Amino acid sequence: MNNQQIAKIFNEIADLLELKGENMFRIRAYRRAAQSIDGMPNDIATLTPEELTALPGIGNDLAGKIREYLNTGTIKKYLELKKEVPGGVLELLKVRGLGPKKAKQFYDTLNIKNVDDLATAVQSGKLKGLPGIQKKTEENIMQSISWMKKGAERRPLGRLLPLAENIILQIKEAAPVGRIEVAGSIRRRKETVGDIDILATSKKPETVMNIFINLPHVTKIVNHGETKSSVITDDGVQVDLRVVDENSFGAALQYFTGSKQHNIRLREIAVHMGLKLNEYGVFQEPGNKRTGGKTEEGIYKALKLPYIPPELREDAGEIEAARENKLPELVTIEDIKGDLHVHTKWSDGSYEIHEMVAAARTRGYQYVAITDHTKGLGVAHGLDESRLAREIKLIDEINKTLKGFKILKGIEVDIKSDGKLDLPDETLAELDIVVASIHSGFKQSREQLTDRLLSAIRNPLVNVIAHPTGRLIGERDAYAVDMEAVFKESAKYDVAMEINAYPLRLDLNDFYIKMAKRFGVSFVICTDAHIASQYDYMSYGVAMARRGWLEKKNVLNTLPLEQLIKKLKSCRAGKIKMKQQLIS
DNA sequence: GCCGTTTTCGGCCCGACTGTTTTCAGTCG
């Protein structure tokens, strides 16, 4: 898709313009356009010229540059800028504490072209004597370079959310705080997180700050002010704590949750209404009379907007939707009636069926689908026809003993490298639900991988495609697949796409969820649990669904048992009918 | 470079903290 490439170029143009010291509003225009394009669920190449300039932040000039890219594969202005500034200089902007002004200064006066040059320059004392540079700045630069080399990359939400909750607990126990909550991208439930933002109320902010910077596991204090401090933990995660007055908590939570772009839009709206919005509240100009700030809802109300849930706050159309009262009613964890992708000891899970069932019942579920692997996955001790028959028999027996709960007989059938399924249709027909997925041949061509998924989707017995893109956050990229083709076919054949809630997968992610939703695809949210406690990953899957603007009606496992079974059956019947029509 | 229920020109979000400065620029979120 072209969107990401164009967004990347626009962001780089913005960086280059910053280094040149150009007008900051022009720079912001490029960044805003980049974000607008990056968040779009459909290919920008499909838009008409009118639709293009209707996008927020895209005017005639940038629309022209987009068309130029689509026609020629590049943008002349971008190439010219790149000629003026060596590539490594952009890298300097990634050093924390180093912005465009200093980077430009170093390049202009010392010909520093990359991070290695910079380190050498500091070590050989070349920075001394430059205006505004003293010992402390040199130390900070060296420190930042070493953090950078260690790789302070974004980490999975599933790692940092528990860490954030733990830190909050520690602060609560030791410091005089009232309310305390996680904010930032964790509260927006982004799939990866850069740092941890925490907001608290207190009458003694200095005391709270002192306790915070002295918590165990703090290895470096980045900032230490009266109401705001930042530290780095021993595993390299930055944690920011901000303390505000009780009356400003809502405004501060809104501000601190972001996204930055969402907040900028809100402040623009405020300005147009003759108001001022900051982290302390909404103020009426002139006179600076406070008209809100205690609650987040109050902030949005003051701007004449309905409350916008944190997961939507990306300036990706939510503000426009809010103004037209068209915000989706997002699916919640309480809507989930069961898990449809669960493993047991019969393949690579660690628990017996009855144990997984008991754990599902404590979560208030009405059903769970046992979906062990098939024989193709030798490492997972996958099931062949005879072992599957025995598992089915056992499930039937257990089901007879259950009241108000049902185990669905399922399978996670392997889509083999030639696109065939790992078990014959007559075996799959014995099951209530068939989940199909790819576990091998990731390096095949885009055409081959796409064809494999398409042929699985067309199989009359397949209900769900699990972890459709195969990505593992920080470990493995999504495999090369034409996802548009996959979604179109899924919508046509009524096959659900899984939102796999396993923290390293979160696959589909929010971007693909929005795209699939546009094609009319239905979804299931499943944990892929291999042990009972992993049922709790469901909240991450629901978070992705919410970020993808999904409502209850888009998600099949929000249906009560009877309706779900009916739906699974009608999906198969529909496909069989389609196949017969094709033959005749 | 974008944009308009004040505007087709003249605006464009707001504040904390740091390091260098005697009052502020740079950076960050």
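Per chain, residues are indexed from 1 in the order of the written sequence. Note on labels: chains are lettered from A, ligands numbered from 1, in written order. Given that this is a predicted model, residues contribute local features only at a pLDDT of at least 70 and side-chain atom pairs are listed and counted only at 80 or more, while totals for whole chains, interfaces and linings are drawn from all residues. For the side-chain quantities, the full set of heavy atoms in the structure was used; hydrogens and water were omitted.

(A) Local environment of the pairing of strand E6 (residues 228-233). Judged by how many residues are buried, E6 sits mostly within the fold: five of six residues are covered. Strands qualify as paired when DSSP identifies two bridges or more between them. Per the convention used, a helix needs a DSSP run of H or I reaching at least four residues, while a strand needs a run of E reaching at least two, with both numbered from the N terminus. As judged from the five bridges shared by strand E5 (residues 218-224) and E6, these two strands associate in the antiparallel manner. Pairing of lysine 220 across the sheet is with isoleucine 232, part of E6. The antiparallel hairpin formed by E5 and E6 contains three residues in its connecting segment. As paired strands, E6 and strand E7 (residues 238-244) are joined by five bridges and run antiparallel to one another. In the strand pairing of E7, serine 230 is matched with aspartate 240. In sequence, E6 turns back onto E7 through a hairpin of four residues, with glycine 236 there showing a positive phi of about 80°. For each residue, the accessible area found with a 1.4 Å probe, counting protein chains only, is set against the maximum for its type, and the residue is called buried under 20%, exposed over 50%, and partly exposed in between.

(B) A look at the protein's contact with DNA strand B. We call a residue near a molecule or strand as soon as one heavy atom of that residue lies within 4 Å of the molecule or strand. Taken together, 50 residues form the shell around DNA strand B, and within it Arg28, Gly59, Thr137, His224 and Arg267 come nearest. Polar contact is defined as a pair of N or O atoms within 3.5 Å, subject to the rule that within protein one atom must be able to donate a hydrogen and the other to accept it, and that residues adjacent in sequence are counted only when both atoms are side-chain atoms. Contact between DNA strand B and histidine 224: a phosphate oxygen at 2.7 Å from a main-chain N or O atom of the residue. Asparagine 278 places a side-chain nitrogen or oxygen 3.1 Å from a phosphate oxygen of DNA strand B. Those elements that place two or more of their residues in the surface near DNA strand B are helix H2 (24-38), helix H4 (60-72), helix H7 (100-110), helix H9 (135-150), E5, helix H14 (260-272) and strand E8 (275-278). In the surface near DNA strand B, the residues fall into 16 nonpolar, 16 polar and 18 charged. Side-chain classes follow a simple rule in which Ala, Val, Leu, Ile, Met, Phe, Trp, Tyr, Cys and Pro form the nonpolar group, Asp, Glu, Lys and Arg form the charged group, and the remainder, Gly included, forms the polar group.

(C) Spotlight on the packing of helix H21 (residues 483-493) against helix H22 (residues 510-518). With their axes 9 Å apart at the nearest point, H21 and H22 run at an angle of 45° to one another. In this view, H21 runs oblique relative to H22, as classed from their interaxial angle. Two packed elements cross with a definite hand, and for H21 against H22 that hand is right-handed. Contacts between H21 and H22 involve Met483, Glu484 and Phe487 on the former and, on the latter, Tyr512, Met515 and Ala516. When its residues are assigned to classes, the contact of H21 with H22 shows five nonpolar, no polar and one charged. Convention adopted: a line fitted to C-alpha atoms gives each axis, helices being fitted over their contacting stretch, and angles between N-to-C directions are expressed from 0 to 180 degrees. We call two directions roughly parallel when the angle between them is under 35 degrees, roughly antiparallel when it is over 145, roughly perpendicular when it lies between 65 and 115, and oblique otherwise. The sense of a crossing depends on the near helix, which, turned anticlockwise from the far helix by less than a right angle, makes the crossing left-handed and, turned clockwise, makes it right-handed. For this analysis, residues touch if any pair of their heavy atoms sits within 4.5 Å.

(D) Spotlight on the domain arrangement of chain A. Note that the domain bounds were set by an automatic or database domain assignment. Domain boundaries in chain A define domain 1 (2-153), domain 2 (155-243), domain 3 (248-323) and domain 4 (336-583). Between the C-alpha centres of domain 1 and domain 3 the distance comes to 29 Å.

(E) Focus on the packing of aromatic side chains. Working definition: a ring pair exists when centres of Phe, Tyr or Trp rings (six-membered ring for Trp) sit within 6.5 Å. Plane angles under 30 degrees give stacked, over 60 give edge-to-face, the rest tilted. Counted under the stated rule, the structure contains nine aromatic pairs. Between tyrosine 255 and phenylalanine 256 the ring centres are 6.1 Å apart and the planes differ by 0°, which places this aromatic pair in the stacked class. Assessed through its relative accessible area of 26%, tyrosine 255 is described here as partly exposed. You can call phenylalanine 256 buried: its relative accessible area is 13%.

(F) Summary view of the pairing of strand E9 (residues 281-284). Pairing of E8 with E9, which is carried by four bridges, proceeds in the antiparallel orientation. If you follow asparagine 278 over to E9, its bridge partner there is glycine 281. In textbook terms, the turn of a hairpin is the stretch between consecutive antiparallel strands, and for E8 and E9 this stretch comprises two residues. Here E9 pairs with strand E10 (residues 289-292) via three bridges, running antiparallel. Residue pairing across strands places glutamine 284 opposite lysine 289, the latter belonging to E10.

(G) The side chain of asparagine 500, seen in detail. For asparagine 500, the location among the structural elements is in strand E16 (residues 496-500). Within the structure, asparagine 500 has its side chain in polar contact with the side chain of aspartate 528 (distance 3.1 Å). Apart from the residues within four sequence positions on either side, asparagine 500 is in contact with His341, His467, Arg505, Leu506, Asp507, Leu508, Cys526, Thr527 and Asp528.

(H) Just the environment of leucine 561, in detail. Residue placement: leucine 561 occurs in helix H24 (residues 561-583). It is 9.7 Å that separates the C-alpha atoms of leucine 561 and tyrosine 365, two residues lying 196 residues apart in sequence. Look past the residues within four positions of leucine 561 in its chain and what remains in contact with it is Gln366, Tyr367, Lys406 and Leu408.

(I) Molecular detail of the sheet that holds E9. The strand order across the open sheet built from three strands is E8-E9-E10, with neighbouring strands paired in antiparallel fashion. Two strands bound the open sheet, and with one partner strand each, they are E8 and E10. Averaged over all pairs of adjacent strands, the angle between strand axes in this sheet comes to 35°, irrespective of strand direction.

(J) Region of the structure containing the pattern of salt bridges. By convention in these notes, a salt bridge is any Lys or Arg side-chain nitrogen within 4 Å of a carboxyl oxygen on Asp or Glu. Per the counting criterion, the structure on display carries 32 salt bridges. For arginine 26, the salt bridge goes to glutamate 22, with nearest N and O atoms at 2.5 Å. Note that glutamate 489 and arginine 458 form a salt bridge whose closest N and O atoms lie 2.7 Å from each other. Remark: arginine 458 occurs in helix H20 (residues 446-458) and glutamate 489 occurs in helix H21; sequence separation between them is 31 residues. One network of salt bridges, with partners in common, ties together Lys20, Glu22, Arg26 and Glu84.

(K) How the structure looks around the side chain of arginine 313. Looking at where arginine 313 falls in the secondary structure, it is placed in the loop between helix H15 (296-302) and helix H16 (318-323). Arginine 313 gets classed as buried once you look at its relative accessible area, which sits at 0%. Polar contacts involving the side chain of arginine 313 include one to the side chain of tyrosine 307, which spans 3.3 Å. Apart from the residues within four sequence positions on either side, arginine 313 is in contact with Arg187, Arg188, Gln254, Thr257, Gly258, Ser259, His262, Glu296, Tyr300, Tyr307, Ile308 and Glu318.

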